[in-house]
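Examination of the molecular architecture
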Amino acid sequence: MTDERKLIDYLRRASAELATTRAELAAARAELAARRDPDPIAVVATACRFPGGVDSPEDLWRVVDSGTDALGPFPDDRGWPAHDGVGGFLSGAGGFDAGFFGIAPREALAMDPQHRVLLEIAWAALERAGLRPADLRGSRTGVFAGVIQQEYAPPVTAGPSPLDGYFMTGNAASIASGRLAYTFGFEGPAVTVDTACSSSLVALHLAAKALRDGECDLALAGGVTVMATPRVFSEFARQGGLAGDGRCKAFADGADGTGFGEGAGLVVLQRLSDARRDGRTVLAVLRGSAINSDGASNGITAPNGLAQERVIRAALTNAGLAPGDVDLVEAHGTGTALGDPIEAGALLAAYGDGRATPLWVGSVKSNIGHTQAAAGIAGVIKVIEALRHETLPATLHADTPSTLVDWTDSVRVIRAARSWPGGSVPRRAAVSSFGISGSNAHVIIEEGDRASSEVDNSAPAVPWVLTGRSAEAVRALADRLRGRLVAGDDLASVARTLAHQRTHFAHRAVAVGADAAELRRALDTVRPAEAGSPRVGFAFSGQGTQRVGMGTELAEAYPVFAEAFDTACAAVDAGGYANAPLRDFLREAPRDELDRTENTQPALFAFQVALARLVASWGVRPAAVLGHSVGEIAAAHVAGILTLADAGRLVVARAAAMQAARPGGAMLSLRAEESEVLPTLDSRVAIAAVNGPRATVVSGDADAVRSLATAWRARGVRTKALAVSHAFHSSHMEPALPVLREVAGSIPLTEPEVPLVSTVTGAVAGAGVLAGEYWAEQVRLPVRFHDAVRALGDLGVDTVLEIGPDATLTGMIADIRQATALAALRHPATEAVSVVSAAGALFERGVPVDWAAVLGEGPHAEPASVPTYPFQREHYWLRTITTTAVAVESAPPEVTLVDPADEDAHEVIMSAVRESVAAVLGHDSAGLNVTADLLDLGLTSFGALEIADRITRATGLALPPATLFDTRTPAALADRLHALLAPAGHAN
């Protein structure tokens, strides 16, 4: 290489490196700028459970807005000693839907109720944000949970327990956040915070910092307290810190101590720019926050007023705000004679000077008690609801503000509810939490988006998609949605939220209606089905299903149908249709004209093609097709054998030729087998169709058919004369055959994209079968519908959708074989409701449906306004369930070697697997679903070790624990073990 060439190569490398360096510097400058001007943090969803039956933020607002005192007697379902005090307790705190989260009953019983409540609240929070949890698996989502360690697990000195092995992971506070990350597959930070009463606000502060620093892209933040014992009451009572009546009288002259409660709350946080990009509703903006410590105060539990003042000022600085920019402080306000005056002094010092309007002070603890690790997040959710409702709710028990505080006009307690309207200046509030640990937190919240009033009722038929882990959950969701009907009329908007922003589970029901009344009736009668993996076939109906006005409503409602209908009608016109244009004819034709074969068949063809295209646009595509008589032309087109133009030519020629054939014949349906009917026929009558095992149609001369009917009725057989103008599929059609041979012979055929089952042969037919004489013979030979439906089954089709203006084939299909038969349309139901109901029925059975295409474009209802998942809870509380109630023995059973020669060996192994899985995981053995996924049954690595050991001891078969994760179900595990029964696999 010459020196000049080397120099050129060097300059090229240097230029490339310089460009890379410049790009890196630009990125660094952008990152530095972002840190100097950080993106605000948006609250995009909230969720909570608190005393007083509070299961949502809306419930919490109901409590504070109505001035409800939510405290009550001690719970009687936790095994606590009798106590005449009061507190703020969660109703049914031991309730948990363990199966929903794939947690075995045994593990659920050993698990701290705080972990359980957090799991359910986290799911609700994500749903209220419009997020499907599965979509976040593997994402950089963080979890920041304030949790105070409880005493749920028995002490080690209590001796062995059948739950040993689950207590460590079930009760470690550190695992509370990790369990959420594990369950949902989050890969951002997972942090448990215990700073006592300030835990949830400290968690919120850390979550916001992690988002700003780019450690996560989404975060769940909040806290939980569920008291495992009443120890906090007795401890505070001994110290003189418990209110005589158990109530927090925040900043009141009658304050005599605190009162305790419990609960949980989470917020979903996102960088504001990301929330706007994703189109999320911003409930509020976290403008700033700060945390610090009391340091060396007057006592380890004594509050430090100067430290509180400093943390407030730090939060204001972090937010870039002046004290006068904040309208409200949701205070710590525990109602103690020591703590409240110190906090009020800090508020006066930090917020009191130079204000144009008063700073209003309140405390949610006056309603629900001091909820400890959830106290701060309770205040945050209350403030967000107050902003949205433009009201400052009253603080209870504060009729006379504390005389221990030098109140001024600049800082006031909210003694009565006040209006808090929005204006040109953003409204802001702050929330304080001061932990008994000495950790203080203060956050500042700014109003977010105003509630949207946009509604959408444009959909002609509205499907509300309901799904759950069980049929009971689906019915419970239907109950909740009935209440939603009262709240508003944005039916299509709610439908989009249910379809697009909720997880779809195996148990399903779809309620369909054109208005609220129809939807209510549908919700009242939901019948959940369990989805499988069906294969769908299309069955195109034949002549006789036509009706005046068919397709008119669908064309008005769905552009896809209208376009396909117009195109198919144009193909018929181009094919030589005598009464063209067909589209105009269908708008104006009287019934007698529509019923003429020359008009009926082209009209049915155009309608069926458009209906099939509409259904396909919704994601429902057939695995195979068939057509009854004239319906076979539309089926061949949908299968890809005939182009639309050629199919239009063929159907026009067929209809005209059959119309011109010998008139005056008759057709008769008999409830008898073909083999029974054949011997009774003469040359004047022929088999026209075999529609089922005992559904035979004959066709021929009118007098001969009438005589046949009389004879069969005399034998007690049901008969029905068909209303026809011709004797179709009989010798009467012979004059039509030459024309059909000529037209069909000029049409090129292609191999099908979708299998077509011929109703002439009763078997799958390709282009070769359908060529030549086929389309001529098809009008003369019998329709072998019975054989064709059975052939669909041989192709694996177990769900058949009838494509036509009404339901005629579904009953016959059900008589032929065990298959789900659905009609796309059922007259006289409205066409839109009917076809959407059919899509819903397919979805219930597991067929994927593109609900976005069904519903069309339009707004979604606020996710938070649509009921969240109705957990089906069972009670788990260690103190009230004895260890004997746990289905696990202290030692595995005696070894029983399985004899490979025993014909019942598989049954013995299945029994051992069933008993072992049920015993270890805590399920009822008799009710154990052996086809369920072991992970859904609650299998853990620890459980796998136990199960493997028990099975080995019970059967003598060596079983590596990893086999349980490989086989996935108890039934598959039993099959694997049975296969190991060869001598080499049998234990010695």
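Every value quoted in this text rests on a predicted model; they were computed, and no experiment measured them.

Here's the deal with the overall build of the protein chain
- When its secondary structure is counted, the protein chain shows 36 helices and 30 strands.
- Dimensions of the protein chain, computed from C-alpha atoms along their principal axes, come out at roughly 115 × 90 × 80 Å.
- In the protein chain, the proportion of contacts linking residues at least 24 apart, taken out of those at least 6 apart, comes to 77%.
- Within the structure as shown, the protein chain displays about 39,200 Å² of accessible surface, and the carbon and sulfur contribution to it stands at 52%.
- Averaged over its 85 positive side-chain charges, the protein chain has a centre that lies 2 Å from the centre of its 114 negative ones.

Re the packing of helix α21 (residues 597-617) against helix α23 (residues 644-660)
- With their axes 7 Å apart at the nearest point, α21 and α23 run at an angle of 155° to one another. As the angle between them shows, α21 and α23 are arranged roughly antiparallel. At the point where α21 passes α23, the crossing takes the right-handed sense. Only Leu644, Ala647, Gly648, Val651, Arg654, Ala655, Met658 and Gln659 of α23 make contact with α21, whose side of the interface consists of Thr597, Glu598, Gln601, Pro602, Phe605 and Val609.
- Residues of the contact of α21 with α23, tallied by class, amount to eight nonpolar, four polar and two charged.

A look at empty space enclosed by the protein
- Under the criterion given, the structure shown has three cavities of 30 Å³ or more.
- Approximately 100 Å³ is the volume attributed to the largest cavity.
- For the largest cavity, the full set of lining residues is Glu127, Val465, Thr467, Leu477, Leu498, Arg502, Thr503, His504, Phe505, Pro867, Thr868 and Tyr869.
- A class-by-class count of the residues in the lining of the largest cavity yields six nonpolar, four polar and two charged.
- Put simply, the second largest cavity is a space of about 40 Å³.
- Along its surface, the second largest cavity is lined by Val615, Trp618, Val620, Leu801, Ala824, Val835, Ala838, Ala839 and Leu842.
- Of all the elements, helix α31 (residues 831-844) adds the most residues to the lining of the second largest cavity, at four residues.
- Considered class by class, the residues forming the lining of the second largest cavity number nine nonpolar, no polar and no charged.

Digging into the pattern of salt bridges
- This model, assessed by the stated rule, comprises 51 salt bridges.
- Across the salt bridge formed by aspartate 701 and arginine 662, the nearest N and O atoms sit 3.0 Å from each other. Placement of aspartate 701 in the loop between β24 (695-700) and α25 (702-714) and of arginine 662 in the loop between α23 and β22 (666-670) is noted, with a sequence separation of 39 residues between them.
- Notably, a salt bridge pairs arginine 953 with aspartate 949, separated by 3.3 Å at the nearest N-O pair.

Regarding the sheet that holds strand β18 (residues 507-513)
- The three strands lie next to each other as β17-β18-β19, forming an open sheet whose pairing is antiparallel. The outermost strands of the open sheet, each flanked by one partner alone, are β17 (462-468) and β19 (529-530).
- Across the face of the sheet, helix α16 (residues 516-524) comes into contact with β17 and β18 while running at roughly 155° to β18.

Examining helix α33 (residues 905-921)
- Its 17 residues give α33 an end-to-end C-alpha distance of 24 Å, which sits within 8% of 24 Å, the value for a rise of 1.5 Å per residue.
- All of the buried residues along α33 are Ala905, Ile909, Met910, Ala912, Val913, Ser916, Val917, Ala918, Ala919, Val920 and Leu921.
- A positive backbone phi angle near 95° is found at glycine 922, which sits one or two residues after α33.

Considering unusual backbone geometry
- The omega angle of the peptide bond from alanine 580 to proline 581 is 0°, so this bond is cis rather than trans.
- Checked against the element boundaries, proline 581 lands in the loop between α18 (559-574) and α19 (582-588).
- One non-glycine residue, phenylalanine 251, lies in positive phi territory at about 60°.
- The residue phenylalanine 251 is located in the loop between α8 (231-238) and β8 (263-271) in this model.
- The residue histidine 397 is not glycine, and still its phi comes out positive at about 65°.

Observations concerning the pairing of strand β23 (residues 685-692)
- Burial analysis of β23 places eight of its eight residues in the buried class, the great majority of the element.
- Of the strand pairs in this sheet, β23 and β24 are connected by six bridges, and their pairing is antiparallel. Across the sheet, the residue bridging to alanine 689 is valine 697, located in β24.
- With antiparallel pairing between neighbouring strands as the criterion, β23 and β24 make up a hairpin whose turn holds two residues.

As for the packing of aromatic side chains
- Using the criterion set out here, one finds 29 aromatic pairs in the structure.
- Over the face of the ring belonging to phenylalanine 100 we find arginine 469, whose NZ or CZ atom lies 4.9 Å from the ring centre.
- Stacked on the ring of phenylalanine 843, the Lys or Arg arginine 508 has its end atom at 4.1 Å from the ring centre.

Quick notes on the nonpolar core
- Membership of the largest hydrophobic core comes to 106 residues, with the highest contact counts inside it found for Trp464, Phe538, Tyr558, Phe561 and Leu611.
- Per-element tally for this core: the top contributor is α21, with 11 residues.
- Formed jointly, this core draws a minimum of three residues from each of two domains, domain 3 (462-530) and domain 4 (536-659 + 730-823).
- Apart from residues no more than four positions distant in its own chain, phenylalanine 538 is found in contact with Ala612, Val615, Val620, Pro622, Ala624, Val625, Leu626, Leu801 and Ile803.
- One finds Ala173, Ala176, Val913 and Ala974 within the second-largest nonpolar core, a separate group that totals 82 residues.

Topic: the side chain of histidine 726
- Its place among the elements puts histidine 726 in the loop between β25 (719-722) and α26 (737-745).
- A polar side-chain atom of histidine 726 sits 3.4 Å from the main-chain carbonyl oxygen of methionine 658.
- Within polar-contact distance, the side chain of histidine 726 engages the side chain of serine 725 at 2.7 Å.

Focus on the side chain of histidine 786
- With respect to the element layout, histidine 786 can be found in helix α29 (residues 785-794).
- Look past the residues within four positions of histidine 786 in its chain and what remains in contact with it is Val690, Asn691, Gly692, Pro693 and Ile816.

Observations concerning the environment of leucine 119
- Note on placement: leucine 119 falls in helix α4 (residues 113-128).
- Between the C-alpha atom of leucine 119 and that of phenylalanine 843, which follows or precedes it by 724 residues, the distance is 28 Å.
- Contacts of leucine 119, omitting those with residues within four sequence positions, involve Phe96, Phe101, Ile103, Arg179, Leu180, Thr183 and Phe184.

Comments concerning the pairing of strand β21 (residues 624-627)
- Here β21 shows no split at all, with Ala624 and Leu626 on one side and Val625 and Gly627 on the other all buried.
- Taken together, the four bridges between strand β20 (residues 536-540) and β21 define a ladder with parallel strand orientation. Bridge pairing in β21 places phenylalanine 538 opposite valine 625.
- Pairing geometry for β21 and strand β26 (residues 756-757), over two bridges, is parallel. Bridge pairing in β26 places leucine 626 opposite valine 757.

Let's talk about the environment of glutamate 447
- If you trace the backbone, glutamate 447 turns up in strand β16 (residues 439-447).
- Residue class for glutamate 447 comes out buried when judged on its relative accessible area of 12%.
- Here the alpha-carbon distance between glutamate 447 and arginine 428, two residues 19 residues apart in the chain, equals 6.2 Å.
- Apart from the residues lying within four places of it in its own chain, the contact partners of glutamate 447 are Leu283, Ala284, Val285, Leu387, Val425, Pro426 and Arg427.
- Looking at glutamate 447, its side chain comes within polar contact range of the main-chain nitrogen of arginine 427, at 2.7 Å.
- In this structure the side chain of glutamate 447 is engaged in a polar contact, spanning 3.5 Å, whose partner is the side chain of arginine 450.

Some points on the confidence of the model for the protein chain
- On average, residues of the protein chain carry a pLDDT of 90, and 92% of them reach 70 or more.
- Counting interchain partners and residues more than four positions distant, the pLDDT-below-50 stretch residues 880-895 has 30 contacts.
- Confidence drops under a pLDDT of 50 for residues 984-988, and excluding neighbours within four residues, the segment shows 13 contacts in the predicted structure.

What counts, and at which threshold
Residues numbered from 1 in each chain as written. Predicted model: local features only at pLDDT ≥ 70, side-chain atom pairs only at ≥ 80, totals over all residues. Heavy atoms only, no water. Helix = DSSP H or I, 4+ residues; strand = E, 2+ residues; numbered from the N terminus. Contact = heavy atoms within 4.5 Å. Areas by Shrake-Rupley, 256 points an atom, 1.4 Å probe, with all protein chains shown as cover. Lys, Arg positive; Asp, Glu negative; His and termini not counted. Charge placed at Lys NZ, Arg CZ, Asp CG, Glu CD. Axes fitted to C-alpha atoms, helices over the stretch in contact; angles between N-to-C directions. Parallel < 35°, antiparallel > 145°, perpendicular 65-115°, else oblique. Left-handed = near helix turned anticlockwise from the far one by under 90°. Nonpolar A, V, L, I, M, F, W, Y, C, P; charged D, E, K, R; others polar. 1 Å grid on protein atoms, 1.4 Å probe; cavity = no way out; pocket = protein on both sides within 12 Å on 5 of 7 lines; lining within 4 Å. Points joined across faces, edges and corners; volume = space filled by probe spheres on them. Salt bridge = Lys/Arg side-chain N within 4 Å of Asp/Glu carboxyl O. Pairing = 2+ DSSP bridges. Expected span 1.5 Å × (residues − 1). Buried < 20%, exposed > 50% of the residue type's maximum accessible area, 1.4 Å probe, protein only. Phe/Tyr/Trp six-rings, centres within 6.5 Å; stacked < 30°, edge-to-face > 60°. Lys NZ or Arg CZ within 6 Å of the ring centre and 35° of its normal. Core = buried A, V, L, I, M, F, W, Y, C linked by side-chain atoms within 4.5 Å. Domains from an automatic or database assignment. Polar contact = N/O pair within 3.5 Å; in protein donor to acceptor, adjacent residues only side chain to side chain. pLDDT = per-residue confidence, 0-100.

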